[in-house]
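Structural overview
Single-letter residue listing:
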Amino acid sequence: MFSAIIAAMTGCKDEAANMPQGAELATTSERTSKDETKATPLSQEVNTLTMDPTEAAIKNMTPGPEHKELAASEGRWETSMTYWDHEGATPTVTKGTCEMKMVLGGRYQQSIYKGNVNGTEFEGIGYVAYDNAKKMFVNTWIDNMGTGILYLEGAYDANSNSTEMVGKCMDPATCRQKGMRQITKNLDENTQVMEMYETPENGREYKTMEIRFAKR
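Residues numbered from 1 in each chain as written. Predicted model: local features only at pLDDT ≥ 70, side-chain atom pairs only at ≥ 80, totals over all residues. Heavy atoms only, no water.

An unreviewed UniProt entry annotates the protein chain as DUF1579 domain-containing protein of Nemorincola caseinilytica.

Structure (structure tokens):
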């Protein structure tokens, strides 16, 4: 849900949103293989290919247990963000707030984040969806420190109770793409943690950001 905050601080914005639907996202680490990006839905999969087209369309547009899980995060959150400008840098900690709510009939989770980044007022808007047709979680982000739209997608892992999403964005320092990986975990009903990692071209993955959310 805050996958682009680190992108905003570095000027990095995603180009993957312009890829055709279904285009393969680049792996950001050896732990994120093509098979691992397949969704692990909370609900049992239904083969819509055997359905009547109208029935399939209704099935795909109807919120399910994954959307109910997103709705559990509705409310106001206090945030503490730790970020690293580059690998090995001294971390910086900044505070903020986040308002989460479900929109369009409970189909999408909207997050509005407000805070301060390097002395500059920061505001961003994110959307998290569970795409019933793709059986994947999708995350988009826009903010006042760029003009692009960041896009990530991935799967829920029941074993770790976390959602991992991957994508690619442009590195403004090199004008080359770098991989991004985001892990979001619910520690309890009032505490969430999001971690962001990036992999420079021909480089190794390192942690760039961690945000802890505490519900008011």
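**Notes on the side chain of Glu198**
Here Glu198 shows up in strand β9 (residues 191-199). Among the residues examined, Glu198 registers a relative accessible area of 5% and is labelled buried. A distance of 3.0 Å separates a polar atom in the side chain of Glu198 from a polar atom in the side chain of Lys178. One polar contact links Glu198 to Tyr206, side chain to side chain, over a distance of 2.9 Å. Residues within four places of Glu198 in sequence aside, it is in contact with Lys178, Gly179, Met180, Arg204, Glu205, Tyr206 and Thr208. (Helix = DSSP H or I, 4+ residues; strand = E, 2+ residues; numbered from the N terminus. Buried < 20%, exposed > 50% of the residue type's maximum accessible area, 1.4 Å probe, protein only. Polar contact = N/O pair within 3.5 Å; in protein donor to acceptor, adjacent residues only side chain to side chain. Contact = heavy atoms within 4.5 Å.)

**What to know about the nonpolar core**
Judged by nonpolar contacts, the single largest core of 25 residues is most densely connected at Met81, Phe137, Met209 and Phe213. Here Phe137 is in contact with Glu66, Leu70, Val128, Ala129, Tyr130, Leu152, Glu153, Gly154, Ala155, Tyr156, Thr163 and Met165, once residues within four sequence places are set aside. (Core = buried A, V, L, I, M, F, W, Y, C linked by side-chain atoms within 4.5 Å.)

**With respect to the pairing of strand β4 (residues 120-131)**
Bridging between strand β3 (residues 108-117) and β4 involves 10 bridges; their strand directions are antiparallel. Among the inter-strand pairings, Ser111 is bridged to a residue of β4, identified as Gly126. Remark: two residues form the turn of the hairpin made by β3 and β4, two consecutive strands paired antiparallel; Asn118 in that turn has positive phi of roughly 55 degrees. The hairpin formed by β4 and strand β5 (residues 136-143) contains four residues between the paired strands, and Lys135 there has a positive phi angle of roughly 55 degrees. (Pairing = 2+ DSSP bridges.)

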